[in-house]
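Observations on the model geometry
Chain residues, written in single-letter form:
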Amino acid sequence: MRTVPGAGSVDPIRARVRRRPSAVLGLALLLSACAAIRGAPPDEASVAARPATVYHAMSRPEIQGHMRVLAEELLTLVGLTAPEVPAAAVNRDEVLASLGRIAGRARQVGGGGTFTNYSVVNDYMDAFLEDVALSSEFARREPPNLVPANRLVQSCLSCHRSL
Ligand code: HEC
């Protein structure tokens, strides 16, 4: 287990996120600080133990590409759900669309019974997708509660902390 510098609190990330466009780079650096693992191919026994699952092998550039798209979309989401945004100005449809894009991209990486060559993805992607679903559920409430959506980065980090 590696620790991410500054990952103990969300504030450093929030601070970066407010300073777009350098925010994308900042977030990428912060999150990739702990991402220096290689995807090891699973041994045959563990693949055979889950015959009903779809096996999805990803190259490192492939998963990194998905992650960069996730990082870009997360910044959009954080901007849309910032606590400073007055309730009347909140665009719930945009928030839900952004969450939908995050879920769609995350599913391209793993989760939902997919078995990948990244054990952290196998262990944590379903929990991440549940958090995205919960964030959408709260955003649909009357009045919308955007707090879980705004804090979704914590769910990114709970997988990243396990890298
Ligand atoms: C289920 C696990 C998991 C979740 C959830 C997850 N990531 Fe990742 N992320 C990874 C793994 C694994 C890598 C490292 C791939 C490698 O470099 O070997 C990574 C790498 C990254 C990188 C570095 C990409 C690069 O170019 O090196 C960024 C940025 C990133 N993630 C952002 C995010 C953001 C933002 C979220 C949430 C919206 C998120 N991740 C959610 C597993 C996850």
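Heads up: these notes are all about the structure in this document. Note that the structure is a prediction, hence the values are computed from the model and not measured.

Focus on helix H4 (residues 60-80)
Along its 21 residues, H4 runs 30 Å from first to last C-alpha, staying within 8% of the 30 Å computed at 1.5 Å per residue. Residues of H4 that are buried include every one of Leu70, Ala71, Leu74, Leu75, Leu77, Val78 and Leu80, and no others.

Examining helix H5 (residues 92-109)
Note on helix geometry: an α-helix contains 3.6 residues per turn, so any two residues three or four positions apart are oriented the same way. For H5, built from 18 residues, the straight-helix expectation of 26 Å at 1.5 Å per residue is met to within 8% by its first-to-last C-alpha distance of 26 Å. Residues Val95, Ser98, Leu99, Ile102, Ala106 and Val109 constitute the buried set of H5. Projected down its long axis, H5 shows its buried positions confined to an angular sector of 95°, all on one face. Opposite the buried face of H5, at more than 90 degrees from it, the exposed residues are Asp93 and Gly104.

A closer look at the environment of phenylalanine 138
The topology assignment puts phenylalanine 138 in helix H6 (residues 119-139). The class for phenylalanine 138 is partly exposed, based on 15 C-beta atoms found within 10 Å. Setting aside its immediate chain neighbours within four residues, phenylalanine 138 contacts Asn145 and Pro148.

Some thoughts on the nonpolar core
By size, the foremost hydrophobic cluster in this structure holds 24 residues, and its most contacted members are Leu74 and Leu77. Put simply, the parts of the chain that give this core at least two residues each are H4, H5, H6 and helix H8 (153-160). No other element matches the seven residues that H4 contributes to this core. Setting aside its immediate chain neighbours within four residues, leucine 77 contacts Val95, Ser98, Leu99, Ile102, Ala149 and Leu152.

Thresholds applied
- Residues numbered from 1 in each chain as written.
- Predicted model: local features only at pLDDT ≥ 70, side-chain atom pairs only at ≥ 80, totals over all residues.
- Helix = DSSP H or I, 4+ residues; strand = E, 2+ residues; numbered from the N terminus.
- Expected span 1.5 Å × (residues − 1).
- Buried ≥ 20, exposed ≤ 12 C-beta atoms within 10 Å, placed from the backbone.
- Arc of directions from axis to C-beta.
- Contact = placed C-beta atoms within 7 Å.
- Core = buried A, V, L, I, M, F, W, Y, C linked by C-beta atoms within 7 Å.

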